[in-house]
Amino acid sequence: AHRTMSLPRLLWVVAISGTSVASTTCNYADCAKYCAGTCPFRPNISSVGVENLTVYRITPWNITTLDNHNTGDAAGDMGFMLYKFMKNSNCTPPYNTHDCFLDDNPIVGKFEVTFDAQYGPYLHCNPSPEGDTPFVNITNFECTYSDPGQPPWRPKKPETGCPPPCERVNISVGKDPAQHVWPGTPQSHHAGVLAYFGGYWYDTPAISKCTGTRIPGDGLTPTCTWKVNSPPEFVNASCLANILFAVIKEANPSCFAQCGPGADRGDQCFMSCVVETVLGNQATGTGGINVQNMVTAWESAFTGGKCPAVHPQVLKNRVI
């Protein structure tokens, strides 16, 4: 959910189609200026020009692109990964509901990207619903500003005062702090493990993907805002999760020892120790896990070869 809060006003010199417009004071979620192309929607986490980033995505086996999908940096996806894997799944085949589509032996992809850094509102990209049923179509993802099945521009709350859709909403790369929790806000201490690591989430609309020799910010039409610069890499999500939990167990061995030798993910004692180790516990003197150590461990699954590379199946027209 988006928060109402006081954010800085920034002066921007925005390049549009190769020319510069006058300096503009950009406020948080100023829809009129955003839709006019003179300001980003998130000025406090945007920049003029482009950004070269490494982003990741936990994904079903048959989803290997970023077209209409969400990603995060390593810190941004860390909390989601731990939350997903520290408990047992109650999902069963064919894994075709909104809560279960990531439970069929998911993989994690690593993507080297270039983004137009004048970021727009973050859109939620999920499998499209199948009518009025609880089932989803895993072969078709759509990005919305609120609930699955709604038009792309439908704010959950009227706090932004935004008008009906403008085209820029549908082509901008969206960006938000992970779990939509801005650091230092009153909500941040309630988010727990999910938001402890900080980081950012992104969405990449299929309609604005740069293909061929096109690059973000090249001033050509139609506007493209993001590009994948090299073939992505994939590892099994379970392997990456094992690496992360190993670092957590090493940081607080006495807590996990109390759970007994057979305790593992899904065990209540194990989950309690994960939460205590990540967030810290004043009573036991633990101060919270080192974020950079966890990010380094995450990256080692790919760069350190700790997880074998996997080659995802391309499953055409499969609904799971």
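Residues numbered from 1 in each chain as written. Predicted model: local features only at pLDDT ≥ 70, side-chain atom pairs only at ≥ 80, totals over all residues. Heavy atoms only, no water.

Peer 1: I'd like a description of the packing of aromatic side chains, backed by residues and values.
Peer 2: Overall, the coordinates contain eleven aromatic pairs when judged by the stated rule. Note on phenylalanine 101 and phenylalanine 141: the rings are 6.0 Å apart at their centroids and 80° apart in plane angle, and the pair reads as edge-to-face. Placement of the pair is phenylalanine 101 in the loop between helix H2 (74–85) and strand S7 (107–116) and phenylalanine 141 in strand S9 (residues 136–144), with a sequence separation of 40 residues. Summarising the burial analysis for this pair, phenylalanine 101 and phenylalanine 141 share the class buried. A centroid spacing of 5.1 Å and a plane angle of 85° characterise the contact between tyrosine 196 and phenylalanine 197, whose relative ring orientation is edge-to-face. The class of tyrosine 196 is partly exposed, set by a relative accessible area of 28%. Assessed through its relative accessible area of 5%, phenylalanine 197 is described here as buried. By the ring-pair criterion, three or more aromatic residues cluster together here, those being Tyr56, Trp298 and Phe302. The ring of tyrosine 200 is capped by lysine 175, whose NZ or CZ atom sits 4.3 Å from the centre of that ring. (Phe/Tyr/Trp six-rings, centres within 6.5 Å; stacked < 30°, edge-to-face > 60°. Helix = DSSP H or I, 4+ residues; strand = E, 2+ residues; numbered from the N terminus. Buried < 20%, exposed > 50% of the residue type's maximum accessible area, 1.4 Å probe, protein only. Lys NZ or Arg CZ within 6 Å of the ring centre and 35° of its normal.)

Peer 1: Now, about the side chain of threonine 204: what can you tell me, with residues and values included?
Peer 2: Note that threonine 204 resides in strand S11 (residues 200–204). Every residue in contact with threonine 204, bar those within four places of it in the chain, is listed here: Leu66, Asp67, Asn68, His69, Phe115 and Trp226. (Contact = heavy atoms within 4.5 Å.)

Peer 1: Any chance you could break down the environment of cysteine 239 for me, citing the residues and the numbers?
Peer 2: Positionally, cysteine 239 belongs in helix H5 (residues 237–251). Separated by 132 residues in sequence, cysteine 239 and isoleucine 107 have C-alpha atoms that sit 9.2 Å apart. Contacts of cysteine 239, omitting those with residues within four sequence positions, involve Lys306, Cys307 and Pro308.

Peer 1: Explain the state of the cysteines to me, using residue names and the numbers behind them.
Peer 2: By definition, a disulfide links two cysteine residues through a covalent bond between their sulfur atoms. Counted under the stated rule, the structure contains seven disulfides. Disulfide partner of cysteine 26: cysteine 39, at an S-S distance of 2.0 Å. A torsion of -85° about the S-S bond marks the disulfide between cysteine 26 and cysteine 39 as left-handed. Here cysteine 26, found in strand S4 (residues 24–26), pairs with cysteine 39, found in the loop between helix H1 (31–36) and strand S5 (50–59); they are 13 residues apart in sequence, far enough to count as distant. For the pair cysteine 26 and cysteine 39, a shared accessibility class is recorded, and that class is buried. The side chain of cysteine 239 participates in a disulfide bridge whose partner is cysteine 307; the two sulfur atoms lie 2.1 Å from each other. Here cysteine 239 and cysteine 307 share a disulfide; its torsion about the S-S bond, -100°, makes the bridge left-handed. One end of the pair, cysteine 239, is in helix H5; the other, cysteine 307, is in the segment after helix H8 (291–303), and 68 residues separate them in sequence. (Disulfide = S-S within 2.5 Å.)

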